[in-house]
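Structural description and commentary
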Amino acid sequence: MSDAAVDCAGVWKFYGDYPALRDISFEVRPGACLALIGRNGAGKTTLLRILAGFSKPGKGQAHIFGQEPRNAEARRRIGFIGHGIAVYDELSAIENLRLFAKLYRLPNAESAAREWLERTGLDRVRDGLVREFSRGMRQRLAVARAFLHGPSVLLLDEPFTALDDRAVAVLQTVLRDALAAGRTVIMSTHQLREALELATHVALINRGRIAFHGERTDEMLSDPGWIYARYGES
Amino acid sequence: MRFLSQVMVITAKDLRAEMRTKEAINASFAFALVILLILSFAFDPTEETTREISGGLLWIVFTFAGTLVLNRSFARELPNDCLDALIAAPVPGAALFLGKALANFVLILAVEFVALPVFGIFYNVRWTRQFWPLMLVLVLGTWGLTSIGTIFSALTVNIRLREVMLPLLVYPVMIPMLLGAMRLSALLVAGQPVTGDDTVWFKLLFGFDIIYTALSLVLMETVLLG
Amino acid sequence: MRQKVIIVMLALVAILLARNLYAISMLPDEMRQGQIFRIIYFHVPAAAAAMTGSAVALVASVLFLVTKKFQYDALAVAVTEVGLAFLAVNLVTGSIWAHVIWGVWWAWDPRLTSALICWILYAGYMILRQALEEPTQRATFAAVYSIFAFTDVPIVYFSIRWWRTIHPQPVFFSKEGYFPPDWSRALAINMVAMFLLYAVLTMIRLRQEQTQREIDYLRRTVHAI
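Residues numbered from 1 in each chain as written. Chains lettered and ligands numbered in written order. Predicted model: local features only at pLDDT ≥ 70, side-chain atom pairs only at ≥ 80, totals over all residues.

The next thing to look at is the overall build of chain B. When its secondary structure is counted, chain B shows 8 helices and 0 strands. Going residue by residue from the N terminus, the α and β elements of chain B occur as α-α-α-α-α-α-α-α. Computed over C-alpha atoms, the radius of gyration of chain B comes to 18 Å, within 12% of the 17 Å expected from 2.2 N^0.38 for 226 residues, which places it in the range of a compact globule. Projected onto the principal axes, the alpha-carbon positions of chain B cover approximately 55 × 35 × 30 Å. (Helix = DSSP H or I, 4+ residues; strand = E, 2+ residues; numbered from the N terminus. Rg over C-alpha atoms; globule rule 2.2 N^0.38 Å.)

Structure representation (structure tokens):
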């Protein structure tokens, strides 16, 4: 248990009396890339948000490297991309990254911010206000923000959805680099193809339960819908 | 130390963002002036008796105009889900509260410093006669408004009728503080010193600020994770 | 079982109140205020019960925040809602009293003014709850607000009292006057009756809250299918 990057033991999440997650238990080893698939409302976002520390499970526990996600240490090691880009429209790209670099107490805030602007292809617009960015630029900045502090665990909620091709390319490169460096990734997705290419493991969530969790096989890659057919409900 | 530096980062961020758009502060200035004007019709500034009690009216202006700033405080975190990023960062809820409260404090104080001279002109009062005690009342009273307003801004951020709910919840809680601030301001604006029985209001303001700041610091994390 | 407890308690309340009403009507008139003074037997216990209710609400709110168990949230809302009703009784009886004695519908009596502010505070609690839909968030935020509101109650009371000390107003009855023993007994019995009534109403409201939660749960389950 303690050497897993991410683990869940008996996690339930209630909205009022209704269980959105039921008895979720699984483990993700360091360096793995887990593709979390499931229909809308199955619980993917709920699970990711618990792992990221936004809410607490009603029952059971979740851990990031053995710690509660809400601990300051764990928070430093988590990078999260949700549905929103989580950067400020009224600030410039570099101001946004500087802000987060300082909040994460990076020793070299300025250079880390510039480095990530380059890696996401935004260094030329670094002083531009985010509200003037195109959609693809905003999404790339979101990637920069999430990876800026060098997190060991990346929790991405449908990161490929509605990305333009340049942003997709940036994200794939960044993810490959991260995985090569031994980071751990969990991403929920509808876009089975892009996610399955990078994934080492796959889990299917159905109505709050894990219906399947295993290694990603070539069969899945060639027919992404196979998992749903086999383990999901129609 | 690290706590304070994170507080400062948040305060700077809020102030920088507000200065770029100036949405809340401009609306607040305008609102303050309009209310001052309307109050001049209700409480005729040309009558001697009105001018004597006019200090209390100041707090009506400050509270209403301040609400516009306070509403923005957490509302500005909603677009793009920025609040998520703040919560995810290794910043304690208390630091987030204090950072935002300080930014709100500065903004509301700025509005007050504009409203005060205008008030002096409309009501023809020399409010500078008890300047430093009046400043103390302004600071204490505004902090009371700000500390409760900031945490309640977080409570109401997801509610549909946020602009109405925030004042609805904040004003009743603030009544004791408003009472003290109004009485003190009425005295000080009229040029009289605060003596004897009336010093109890300073104690009230001070105690109020401490209690609610402490409560907010403790409960902020709970609200953020709610 | 619980049904029976409620009925027994209600019966007890009815008996106590009936007996007390008779006893109160037998008491002599108060010297300065006359008939209307009898209103004190309802005015004061209503306030006392409401204040106790707000303390229970605080404890329930804190317990919810600590344990996350929804039964505490249900208790908090039940106790607060009943408390609002009792405070309203206090306010209305106070207003009637003021009108009979002084000819005004509202005198800025410190206790009555504090009661009014407390009523507004807890009405805010109910409005906040109505505006929040998601149950966990509603319970959490309401609990936080309840803590703020309860903290304000003593501050409100003292500040209004200071306000009125500096500019004194007449009060309904002061502690200095002589309060004969059979009056005290009638007051005490009414206190018990009011507290019992409070408890009964809270239990009924709690039941209602539980049923509502069950309905919400069923609704969400159906939704998921």
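Helices and strands together make up the secondary structure of chain A, namely 9 helices and 9 strands. The globule rule puts the C-alpha radius of gyration for 234 residues at 17 Å, and the 18 Å found for chain A is close to it. Projected onto its principal axes, the C-alpha coordinates of chain A cover approximately 50 × 40 × 35 Å. Classification of the 234 residues of chain A by burial places 50% in the buried group. Within chain A, counting contacts between residues at least 6 apart in sequence, those at least 24 apart form 67% of the total. (Buried ≥ 20, exposed ≤ 12 C-beta atoms within 10 Å, placed from the backbone. Contact = placed C-beta atoms within 7 Å.)

Right, let's get into the sheet that holds strand S3 (residues 33-38) of chain A. Residues and elements named next belong to chain A. If you trace the 6 strands from one edge of the open sheet to the other, you get S5-S6-S7-S3-S8-S9, paired in mixed fashion. What marks the edges here is a single partner per strand, and that holds for strand S5 (78-81) and strand S9 (209-215). Pairs of neighbouring strands in the sheet enclose a mean axial angle of 15°, with direction left out of account. Pairing of S5 with strand S6 (residues 153-157) involves 4 bridges; the strand directions are parallel. By the bridge assignment for S6, Ile81 is matched with Leu156. Strands S5 and S6 of the sheet are contacted by helix H5 (residues 135-147), whose axis makes an angle of about 160° with S5. (Pairing = 2+ DSSP bridges. Axes fitted to C-alpha atoms, helices over the stretch in contact; angles between N-to-C directions.)

All names here are of chain B. Compared with an ideal rise of 1.5 Å per residue, which puts 26 residues at 38 Å, helix H8 (residues 200-225) spans 38 Å between its outermost C-alpha atoms and is within 8% of the ideal. Largest kink in H8: about 45°, centred on Leu219. Among all positions in H8, only Trp201, Leu204, Leu205, Phe208, Asp209, Tyr212, Thr213, Ser216, Leu219, Met220 and Val223 are buried. (Expected span 1.5 Å × (residues − 1). Bend = angle between axes of the 7 residues up to and from the residue.)

Before going further, it helps to spend a moment on helix H3 (residues 70-102) of chain C. In this model H3 of chain C runs 47 Å from its N-terminal to its C-terminal C-alpha over 33 residues, within 8% of the 48 Å that 1.5 Å per residue would give. Immediately downstream of H3 of chain C, the backbone of Gly103 of chain C shows phi near 80°, a positive value.

All names here are of chain A. Spatial strand order, S2-S1-S4: 3 strands in an open sheet with antiparallel pairing. In this open sheet, the two strands that pair with only one neighbour each are strand S2 (18-28) and strand S4 (59-64). Sheet twist, expressed as the mean angle between neighbouring strand axes with direction ignored, is 25°. Relative to S4, strand S1 (residues 6-15) runs antiparallel, the two being bridged by 5 bridges. Residue pairing for S4: Trp12 is matched across the bridge by Lys59.

Let us look at the interface of chain C and chain B. Taken together, the contact pairs 25 residues of chain C with 23 residues of chain B. At the level of elements, helix H4 (110-131) and helix H5 (135-166) of chain C are the ones that each hand at least two residues to the side of chain C that touches chain B. Broken down by element, the residue count for the side of chain C that touches chain B peaks at 16 residues, all from H5 of chain C. Among the residues forming the side of chain C that touches chain B, the class breakdown is 19 nonpolar, 5 polar and 1 charged. (Nonpolar A, V, L, I, M, F, W, Y, C, P; charged D, E, K, R; others polar.)

With that out of the way, let us pick up the interface of chain B and chain A. Each partner contributes residues to the interface: chain B has 20 residues there, and chain A has 27 residues. Contributing elements (two or more residues each) for the side of chain B that touches chain A: helix H1 (2-21) and helix H4 (82-88) of chain B. With 8 residues, H1 of chain B is the single largest residue contributor to the side of chain B that touches chain A.

Turning our attention to the environment of Thr213 of chain B. Structurally, Thr213 of chain B is set in helix H8. For the pair Thr213 of chain B and Ser147 of chain B, spaced 66 residues apart in the sequence, the C-alpha separation amounts to 5.9 Å.

With that settled, consider the nonpolar core. If you look at the biggest cluster of nonpolar residues, it comprises 211 residues, and the most contacted ones within it are Leu51, Leu155 and Ile186 of chain A together with Ala76 and Tyr145 of chain C. The dominant element in this core, judged by the number of residues it contributes, is helix H7 (residues 162-189) of chain B, at 16 residues. The contacts of Leu155 of chain A, once residues within four sequence positions are left out, are Leu48, Leu51, Ala52, Ile78, Phe80 and Ile186 of chain A. (Core = buried A, V, L, I, M, F, W, Y, C linked by C-beta atoms within 7 Å.)

Moving on, we come to the packing of helix H3 (residues 48-75) of chain B against helix H6 (residues 131-156) of chain B. Residue and element names in this part refer to chain B. Orientation of H3 relative to H6, taken along the N-to-C sense of each, is 35°, at an axis distance of 9 Å. Of the two possible hands of crossing, H3 and H6 adopt the one that is right-handed. The residues of H6 that touch H3, namely those facing Trp59, Phe62, Thr63, Gly66, Leu70, Asn71, Ser73 and Phe74, are Gly141, Thr142, Leu145, Gly149, Thr150, Ser153 and Ala154. (Left-handed = near helix turned anticlockwise from the far one by under 90°.)

The side chains of a regular strand alternate, residue by residue, between the two faces of the sheet. Residues and elements named next belong to chain A. Bridging between S3 and strand S8 (residues 201-206) involves 5 bridges; their strand directions are parallel. The partner of Leu36 across the bridge, within S8, is Ala203. Direction of pairing for S8 relative to S9: antiparallel, over a ladder of 6 bridges. Residue pairing across strands places Val202 opposite Gly214, the latter belonging to S9. Between the antiparallel neighbours S8 and S9 lie 2 residues, among them Arg207 with a positive phi of about 50°.

Glancing now at unusual backbone geometry. All names here are of chain A. The residue Arg105 is not glycine, and still its phi comes out positive at about 55°. Relative to the elements of secondary structure, Arg105 occurs in the loop between helix H3 (93-103) and helix H4 (109-119). With a phi close to 50°, Arg207 is a non-glycine residue in the positive phi region. With respect to the helices, strands and loops of the structure, Arg207 is situated in the loop between S8 and S9.

Residues and elements named next belong to chain B. Taken residue by residue, chain B gives an average pLDDT of 92. The fraction at 70 or more is 100%. Predicted confidence in chain B is weakest over H3, with a mean pLDDT of 88, and strongest over H6, with 96. This prediction of the complex comes with two scores: 0.90 for pTM and 0.92 for ipTM. (pLDDT = per-residue confidence, 0-100.)

All names here are of chain B. Where H3 contacts helix H5 (residues 93-123), the axes come no closer than 9 Å and their chain directions differ by 145°. The chirality of how H3 crosses H5 is right-handed. Packed against H3, whose contacting residues are Arg51, Ser54, Leu58, Val61, Phe62, Ala65, Gly66, Val69, Leu70 and Ser73, the element H5 presents Lys100, Asn104, Leu107, Ile108, Val111, Glu112, Ala115, Phe119 and Tyr123 at the interface. Its residues assigned to classes, the contact of H3 with H5 comprises 12 nonpolar, 4 polar and 3 charged.

For the rest of this paragraph, the subject is the environment of Ala86 of chain A. Residue placement: Ala86 of chain A occurs in the loop between S5 and H3. Overall, the presence of 24 C-beta atoms within 10 Å leaves Ala86 of chain A in the buried class. Spatially, the C-alpha atom of Ala86 of chain A lies 13 Å from that of Asp157 of chain A, the residues being 71 residues apart in sequence. If near-sequence neighbours (up to four positions away) are discounted, Ala86 of chain A is found in contact with Ala142 and Arg145 of chain A together with Asn80, Asp81, Cys82, Asp84 and Ala85 of chain B.

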